[in-house]
Amino acid sequence: MPNASVVSAALQTLVYGGAASYGLYNSLFNVEGGHRAIVYNRFVGVKDKVYAEGTHFMIPWVERPYVYDVRARAHQVNSQSGSRDLQMVNISIRVLTRPDAGKLPEVYRTLGMDFNERVLPSVIHETVKSVVAQHNASELITKREQVSLSIRHLLKQRAAQFNMVLDDVSLTALTFGREYTAAIESKQVAQQEAERAKFVVDKARQDKLSAVIQAEGEAKSAKLIGEAIANNPAFLTLRKIEAARAIAQTMANSNNRVMLSADSLLLNLQDDKPADKK
């Protein structure tokens, strides 16, 4: 049997070794990729040092780490605002935000761990209302890019006051109230009807001009034909030959066979001999 001194030494080694292992385990903390950490000390408060990625030491039971995710996170916020002409506008904004990694101790002192939920909604609503109130409803549509840039600029300034960084601000949706939407649709319909009426008037004017030109052409053609017949009686015979040729060509290309008399082909030219001069 082992003596009492050996057993006592073994127990002491086991106890001290376990205490040392437990103390060493609790004196280390890890910071994952894309994260930063700060340490709270029970005697001095929050330290100003920001711990980067990796494994770090701390004093067990005296110090406690707080790990922040410093990667950009997306937040979708819907805001209802009034334009300068008193139209209600619903705007959806998507922002990518992250805390300022170099100012995490100040963020913890002033905002805590849930800084996004405390700051973003109020800041976004305030900024959107102030920008939208400077534009009419029509300007919000025609100058959407300018409105987006104004909101982004003001949001970055306001977020910087709370040690937050905005990587991107986007207007994902912009809609108006039901009454204003109905008014826009009615206006568009009226404009389309006006354009259609203008087209009908222009078409009628062109048709009238075409009819006048056609009538003038026919009258001039009839005058020329009359003068040609009066000056040369053989002109009428030539026109009959041309008409007979056209009729014969049409009948030749037809699948049916039809027998026609010379009168039907206008070939009775011998009947139209001019009278002998006395």
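Cut-offs and rules
- By convention here, each chain's residues receive numbers from 1 onward along its written sequence.
- Selection of residues for local features in this predicted model requires a pLDDT of at least 70, selection of side-chain atom pairs for listing and counting requires 80 or more, and totals for whole chains, interfaces and linings are taken over all residues.
- Side-chain measures here rest on the full set of heavy atoms in the structure, leaving out hydrogens and waters.
- UniProt positions are given in the numbering used here, feature names are shortened, and annotations may be inferred rather than shown by experiment.
- Each helix is a run of H or I in the DSSP string that is no shorter than four residues. Each strand is a run of E no shorter than two, and both are numbered from the N terminus.
- Only protein chains enter the area calculation, which uses a 1.4 Å probe; residues under 20% of their type maximum are buried, those over 50% are exposed, and those in between are partly exposed.
- The contact criterion used throughout is that any non-hydrogen atoms of two residues lie within 4.5 Å.
- Note on areas: Shrake-Rupley, 1.4 Å probe, and residue coverage restricted to the protein chains presented here.
- Think of it this way: DSSP has to see at least two bridges between two strands before they count as a pair.
- Where helices are involved, their axes are fitted lines through C-alpha atoms of the stretch in contact, as for all axes, and angles between N-to-C directions lie from 0 to 180°.
- Note on terminology: angles under 35 degrees are roughly parallel, angles over 145 are roughly antiparallel, angles of 65 to 115 are roughly perpendicular, and the others are oblique.
- Left-handed describes a crossing whose near helix is turned anticlockwise from the far helix through less than a right angle; right-handed describes the clockwise counterpart.
- Residue classes follow a fixed rule: Ala, Val, Leu, Ile, Met, Phe, Trp, Tyr, Cys and Pro count as nonpolar, while Asp, Glu, Lys and Arg count as charged, and any other residue, Gly among them, counts as polar.
- Here, expected helix span is obtained from the residue count minus one, scaled by 1.5 Å.
- Within this analysis, the arc is defined by the directions that extend from the helix axis to the C-beta atoms.
- By nonpolar core is meant a set of buried Ala, Val, Leu, Ile, Met, Phe, Trp, Tyr and Cys residues that side-chain atoms within 4.5 Å join together.
- Throughout, the edges of the domains are those of an automatic or database domain assignment.
- For this document, the term salt bridge refers to a Lys or Arg side-chain nitrogen within 4 Å of an Asp or Glu carboxyl oxygen.

In the nomenclature of an unreviewed UniProt entry, the chain corresponds to Prohibitin from the organism Ostreococcus lucimarinus. Reading the Subcellular location (unreviewed entry) entry of the UniProt record for the chain gives the comment "Mitochondrion inner membrane". Quoted verbatim from the Sequence similarities (unreviewed entry) heading of the UniProt record, the comment on the chain is "Belongs to the prohibitin family."

1. Description of the overall build of the chain
Assigned secondary structure in the chain consists of 7 helices and 8 strands. When the 278 residues of the chain are sorted by exposure, 24% land in the buried category. Long-range pairs, those at least 24 residues apart, make up 66% of the contacts in the chain between residues at least 6 apart in sequence. Put simply, the chain shows about 19300 Å² of open surface, and 56% of that area lies on carbon and sulfur atoms.

2. Points about the sheet that holds strand S5 (residues 63–69)
Sheets are built from strands paired through backbone hydrogen bonds, the pairs being either parallel or antiparallel. One open sheet holds the 3 strands; their spatial order is S3-S2-S5, and the pairing between them is antiparallel. Lying at the two open borders of the sheet, with one neighbouring strand each, are strand S3 (45–46) and S5. In this structure, strand S2 (residues 35–41) lies alongside S5, joined through 7 bridges in antiparallel fashion. Across the sheet, the residue bridging to Ile38 is Tyr66, located in S5.

3. Details of the packing of helix H3 (residues 115–132) against helix H5 (residues 144–160)
It is at 9 Å that the axes of H3 and H5 come closest, and there the two elements cross at 140°. The angle between H3 and H5 places the two elements in the oblique class. Two packed elements cross with a definite hand, and for H3 against H5 that hand is right-handed. Where H3 abuts H5, its residues Val123, Ile124, Glu126, Thr127, Val128, Ser130 and Val131 lie against Val147, Ser150, Ile151, Leu154, Leu155 and Arg158. Residue composition of the contact of H3 with H5, grouped by class: 8 nonpolar, 3 polar and 2 charged.

4. With respect to the sheet that holds strand S7 (residues 88–99)
Overall, antiparallel pairing links the 3 strands, which are arranged S6-S7-S8 in an open sheet. The open sheet has two edge strands, strand S6 (73–82) and strand S8 (164–176), and neither has a second partner. Averaged over all adjacent pairs, the angle separating strand axes in this sheet is 25°, with direction ignored. This element, H3, spans S6, S7 and S8 of the sheet and lies at about 40° to S6. In this fold H5 packs onto S7 and S8, with an angle of close to 145° to the strand it touches most, S8.

5. Description of H5
Spanning 17 residues, H5 covers 24 Å between terminal C-alpha atoms, matching the ideal 24 Å at 1.5 Å per step. By the burial criterion, the buried members of H5 are Val147, Ser148, Ile151, Leu155 and Ala159. Summarising the axial view, the buried residues of H5 lie within an arc of 95°, below the 170-degree limit, and thus occupy one face. Those residues of H5 that are buried are in contact with S7, H3, helix H4 (137–142) and S8.

6. Quick notes on the pairing of strand S1 (residues 28–31)
Across the two faces of S1 the burial differs, with Phe29 and Val31 buried and Leu28 and Asn30 not buried at all. Pairing geometry for S1 and strand S4 (residues 54–57), over 4 bridges, is antiparallel. Across the sheet, the residue bridging to Leu28 is Phe57, located in S4.

7. Remarks on the nonpolar core
Counting 33 residues, the largest nonpolar core has Ile91, Ile93, Ile124, Ile151 and Leu155 as the members making the most contacts within it. Every element with two or more residues in this core is listed here: S5, S7, helix H2 (104–110), H3, H4, H5 and S8. When residues of this core are assigned to their parent elements, the largest contribution, 8 residues, is made by H3. Taken domain by domain, the makeup of this core includes at least three residues from each of domain 1 (20–69) and domain 2 (73–176). Among all residues touching Ile124, those that are not within four sequence positions of it are Val77, Ile93, Val95 and Leu155.

8. Re the pattern of salt bridges
Side chains carrying opposite charge are able to pair once their charged atoms draw close together. In the structure shown here, the tally under the stated rule is 11 salt bridges. Between Glu53 and Arg36 there is a salt bridge, and its shortest N-O distance comes to 3.7 Å. With Glu53 in the loop between S3 and S4 and Arg36 in strand S2, the pair connects residues that are 17 residues apart, well separated along the chain. You can call Glu53 partly exposed: its relative accessible area is 45%.

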